[in-house]
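Notes for the structure review
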Amino acid sequence: MDIHAGLVDQRVQQIRADHRAVLVGDDAKLQNDEPKLTSRAFTALCVSTLLDLPLDEACGKLTDASHDLAIDALHVEGLRDGEFGVVLFQAKYRQKFDGASSFPANDVVKVLQTVATLFDPNKRYDERTPLAARVEEIRSLIREGFLPTVRVVLCNNGQPWTGDAQAHIDAAGLPDDQVTFEHLGPARIVSLLRAPKPVDDTLRLKGKALVEDFDFRRVLVGKMAVAEVAGLFERHGERLLERNIRRYLGLGSNRVNQAIARTLRDPRQRGDFYFFNNGITLTCAKFRHNALQGDDHQVRVEDLQVINGGQTCVTIQRVLAGLDPADFDRAFVIVRLYELEDDDHEIVRAITYATNSQNPVDLRDLRSNDEVQQQLAMGLQALGYTYQRKRSAPGGGADAIRPQEAAEAVMAILREKPHVARFHGAELFGRRYDEVFGQGLLPAQVALAVEVRRRVAKLAKDPPARAPIDKLPDPPRWLPYGELAIAMLVGREVGVADVDHRNFAERLANLEFVSGEAFRRALDLIDLALLLDGVHVGTATLQRLSAVFRRGELVGDQGQLMSRGEDVAARMRWSKRLAEIWRPEGLSPAAKSEERALMRSARPTWNVDASEPPYAFDLIFAWRPIGSVWIQALYERLASAEALPP
């Protein structure tokens, strides 16, 4: 048995046992299908390990089912600089643990066909797939001009694909700057799972180097051959990036990495690599060198970490893999090495932030030692939660809160910007950090916002039934895109904005009691807001529905339509004419005709600032093109909602 394959299987069996209910999901057929559950557990392990996600969240990315389009898991990253990343997983798990089986070539062909189809909005696909909502979301982004960068991860408990499979990849003609393929096998999985250990090694520099004591710290600046960098990462891999990032962005999903690779591959340019690249920044606990030597130093380092330039390093490693290092004897990169004390965390954070702020994953880690994060950790601990400020923090379960989860919940529910939380999560620890964690944010607000989001996510998987409305689907077709918008509305009812440590326990207990009804009311209000926005709820395409929530058309600066819908619902409780006009025991036919004639001449749109409460039929006639029956039924339902303000 291959030792790495054996270790992976132990972890897979543990995941299958601990997360069985999540792995089974809604498919009762899986309950007794142990091989299928094992395969799903392996896929979840791959997603969790590579993307650094909790296992429950990783399980939510699984897609393998009938009509799964040869994709076992799919992850869509947030928008950044006009681009968005998509990570596709295809996993093959065999009950042989010798680690000798290669990834099947025929499955590589299927994935190639999927990539060529899904990212071309003009191509048809099997719309019976449970992936339809996410596929249409991706296509909606593409139609609006956002550039997809696709990372295809082929996972197995054996060897990478063979030359035949690589020939299929090469022949597919997919653009290298947009689509990359990588293998995730047992050795790499174990490396990612392994607890971090100090990296001690020797850096072999070329030419002169500057060594200086500065402000009670030591600094070394010199240059290193790219072949030495590749060798360093061959020996230690991603352990060198524990203070930087744990995942590599790939050659196709990062334009800078692609430019680095082009320079290295071009014999005419690689000699100028030193001048083109920003260099590598490293920290260590201690470094030693022969100070009597004039140049070509060999520097012994203890507890080495790359805090900037990790993408450069891994790109160098991948480009040079299998090539003759002698071909790169004129390619160098500048290195900056800082010797810092064990308690010098603040300067590490400051250096890393200043030199590496382009990467949103880094920013989450860099903020982990901020005072506000430490205060949140203390406050949440007093409420019974563990705030996992650092990604390597142990523990999990219902009482564990991750910073990204907290930031998204606060932005969606407390700041009332669900579209930003869902589609711009990369900014929450960057330029929007103060917006999220400032404004006197309380630990109780964070905890309750997270609990609301979790409760809504649970309800969204099995939505409570609503009374039928003609032509309005239940559950609504927009639900996959509007989950955080629902959480925002439920959060209003629960009172996230004014919770503190004194009333937190009461609000949390009340959440379970009111959340089902609040969830149904939120569905109604969003249906209404969509109608007021001119969206045909029953017939709009999934791409259109996705765009509405992504752009924040129902909230924020574009009209506050959800607040407007709530205001309409509250005002409708004043209106006694609703029942008179629309119920059979109401007005006589002649009176109804007279009233409707008056309404036809009424104002064309409703003025939210009008001093007189409007009648339902004002809006019904004003919005007849989008379905008066829908609006009338929604208004009747909302007007009778007891929880709305008088």
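Residues numbered from 1 in each chain as written. Predicted model: local features only at pLDDT ≥ 70, side-chain atom pairs only at ≥ 80, totals over all residues. Heavy atoms only, no water.

1. Considerations on the overall build of the chain
The helix and strand tally for the chain stands at 27 helices and 13 strands. Here the chain holds 646 residues, and the buried ones make up 55% of them. A separation threshold of at least 6 residues defines the contact pool for the chain, and within that pool the share at least 24 residues apart is 71%. As presented, the chain carries roughly 29,400 Å² of accessible surface, and 50% of it is formed by carbon and sulfur atoms. (Helix = DSSP H or I, 4+ residues; strand = E, 2+ residues; numbered from the N terminus. Buried < 20%, exposed > 50% of the residue type's maximum accessible area, 1.4 Å probe, protein only. Contact = heavy atoms within 4.5 Å. Areas by Shrake-Rupley, 256 points an atom, 1.4 Å probe, with all protein chains shown as cover.)

2. A short note on the sheet that holds strand 4 (residues 179-184)
Ordered in space as 1-2-3-4, the four strands form an open sheet in which the pairing is mixed. In this open sheet, the two strands that pair with only one neighbour each are strand 1 (73-80) and strand 4. Taking each pair of neighbouring strands and ignoring which way they run, the sheet shows an average axis angle of 20 degrees. Of the strand pairs in this sheet, strand 3 (residues 147-156) and strand 4 are connected by six bridges, and their pairing is parallel. (Pairing = 2+ DSSP bridges. Axes fitted to C-alpha atoms, helices over the stretch in contact; angles between N-to-C directions.)

3. Side note on the nonpolar core
Soluble globular proteins tend to pack their nonpolar side chains together in the buried interior. By size, the foremost hydrophobic cluster in this structure holds 66 residues, and its most contacted members are Phe437, Val452, Trp478, Ile486 and Ile526. Those elements that place two or more of their residues in this core are helix 15 (371-382), helix 16 (403-414), helix 17 (418-423), helix 18 (433-437), helix 19 (443-461), helix 20 (479-494), helix 21 (504-532) and helix 22 (542-551). Per-element accounting of this core gives the leading share, 12 residues, to helix 21. Apart from the residues within four sequence positions on either side, Val452 is in contact with Ile413, Ala487, Val490, Gly491, Val494, Val496 and Leu511. Listed in part, the 34 residues of the second largest apolar core include Ala230, Leu241, Val301 and Ala331. (Core = buried A, V, L, I, M, F, W, Y, C linked by side-chain atoms within 4.5 Å.)

4. Description of the packing of helix 19 against helix 20
Axis separation between helix 19 and helix 20 bottoms out at 9 Å; the angle between their running directions is 135 degrees. Relative to helix 20, the element helix 19 is oriented oblique. The interaxial crossing formed by helix 19 with helix 20 has right-handed handedness. Of the residues in helix 20, those in contact with Leu448, Val452, Arg453, Val456, Ala457 and Ala460 of helix 19 are Leu479, Glu483, Leu484, Ile486, Ala487, Val490, Gly491 and Val494. Looking at the contact of helix 19 with helix 20 residue by residue, the classes come out as 11 nonpolar, one polar and two charged. (Parallel < 35°, antiparallel > 145°, perpendicular 65-115°, else oblique. Left-handed = near helix turned anticlockwise from the far one by under 90°. Nonpolar A, V, L, I, M, F, W, Y, C, P; charged D, E, K, R; others polar.)

5. Regarding the pairing of strand 7 (residues 280-284)
The buried fraction of strand 7 amounts to five of the five residues, a majority that puts the element mostly inside the structure. Neither face of strand 7 is open: one carries Ile280, Leu282 and Cys284, the other Thr281 and Thr283, and all of them are buried. Relative to strand 11 (residues 332-339), strand 7 runs parallel, the two sharing five bridges. From the neighbouring strand, Cys284 faces strand 11, where its bridge partner is Glu339.

6. Comments concerning the packing of aromatic side chains
Considering all chains together, one arrives at seven aromatic pairs under this definition. With 4.7 Å between their ring centres and 35 degrees between their planes, Phe42 and Tyr93 make a pair best called tilted. A residue pair is termed long-range when its members are at least 10 positions apart, and Phe42 in helix 3 (residues 34-51) and Tyr93 in the loop between strand 2 (83-92) and helix 5 (105-118) qualify at 51 residues. Accessibility assignment for this pair places Phe42 and Tyr93 in one class, buried. Taken together, the ring pairs in this structure connect Phe429, Tyr433 and Phe437 into an aromatic cluster. (Phe/Tyr/Trp six-rings, centres within 6.5 Å; stacked < 30°, edge-to-face > 60°.)

7. Remarks on the sheet that holds strand 10 (residues 305-308)
With mixed pairing, the seven strands of this open sheet are ordered in space as 8-9-5-6-11-7-10. Edge positions in the open sheet fall to strand 8 (286-288) and strand 10, since each of these has one partner strand only. In this sheet, neighbouring strand axes are inclined to one another by 35 degrees on average, regardless of whether the strands run parallel or antiparallel. Here strand 6 (residues 217-225) runs beside strand 11; their pairing, made up of eight bridges, is antiparallel. For Arg218, the partnering residue across the bridge sits in strand 11 and is Glu339. With respect to the sheet, helix 9 (residues 226-236) is in contact with strand 5 (201-214), strand 6, strand 7, strand 10 and strand 11, its orientation differing from that of strand 6 by roughly 110 degrees.

8. Some words on the pattern of salt bridges
One pass over the full model with this rule turns up 28 salt bridges. A salt bridge links Arg268 to Asp266; the nearest nitrogen and oxygen atoms lie 3.3 Å apart. Classification of Asp266 as buried rests on a relative accessible area of 13%. One network of salt bridges, with partners in common, ties together Glu144, Arg544, Arg550, Arg551 and Glu553. (Salt bridge = Lys/Arg side-chain N within 4 Å of Asp/Glu carboxyl O.)

9. A few points about unusual backbone geometry
The backbone of Asp303 sits at a positive phi, close to 55 degrees, despite the residue not being glycine. Looking at where Asp303 falls in the secondary structure, it is placed in the loop between strand 9 (298-302) and strand 10. Positive phi, normally seen in glycine, also occurs at Gln439, with a value near 60 degrees. Here Gln439 shows up in the loop between helix 18 and helix 19.

10. Section: the side chain of Glu408
Mapped onto the fold, Glu408 is located in helix 16. Given the relative accessible area of 16%, Glu408 is considered buried. Once residues lying within four places of it in the same chain are set aside, the contact partners of Glu408 are Ala421, Leu428 and Arg453.

11. Concerning the confidence of the model for the chain
Residues of the chain with pLDDT of at least 70 account for 75%, and the chain-wide mean is 78. Confidence drops under a pLDDT of 50 for residues 357-362, and excluding neighbours within four residues, the segment shows 13 contacts in the predicted structure. (pLDDT = per-residue confidence, 0-100.)

12. Here's the deal with the packing of helix 20 against helix 22
Contact geometry of helix 20 with helix 22 gives a least axis separation of 9 Å together with a crossing angle of 25 degrees. By the angle between their axes, helix 20 is roughly parallel relative to helix 22. The chirality of how helix 20 crosses helix 22 is left-handed. Of helix 22, the residues touching helix 20 (which contributes Tyr481, Gly482 and Ala485) are Leu542, Leu545, Ser546 and Phe549. Of the residues contributing to the contact of helix 20 with helix 22, the split by class is five nonpolar, two polar and no charged.

13. Quick look at the environment of Pro403
As for its placement among the helices and strands, Pro403 is situated in helix 16. Separated by 16 residues in the primary sequence, Pro403 and Tyr387 place their C-alpha atoms 7.2 Å from one another.

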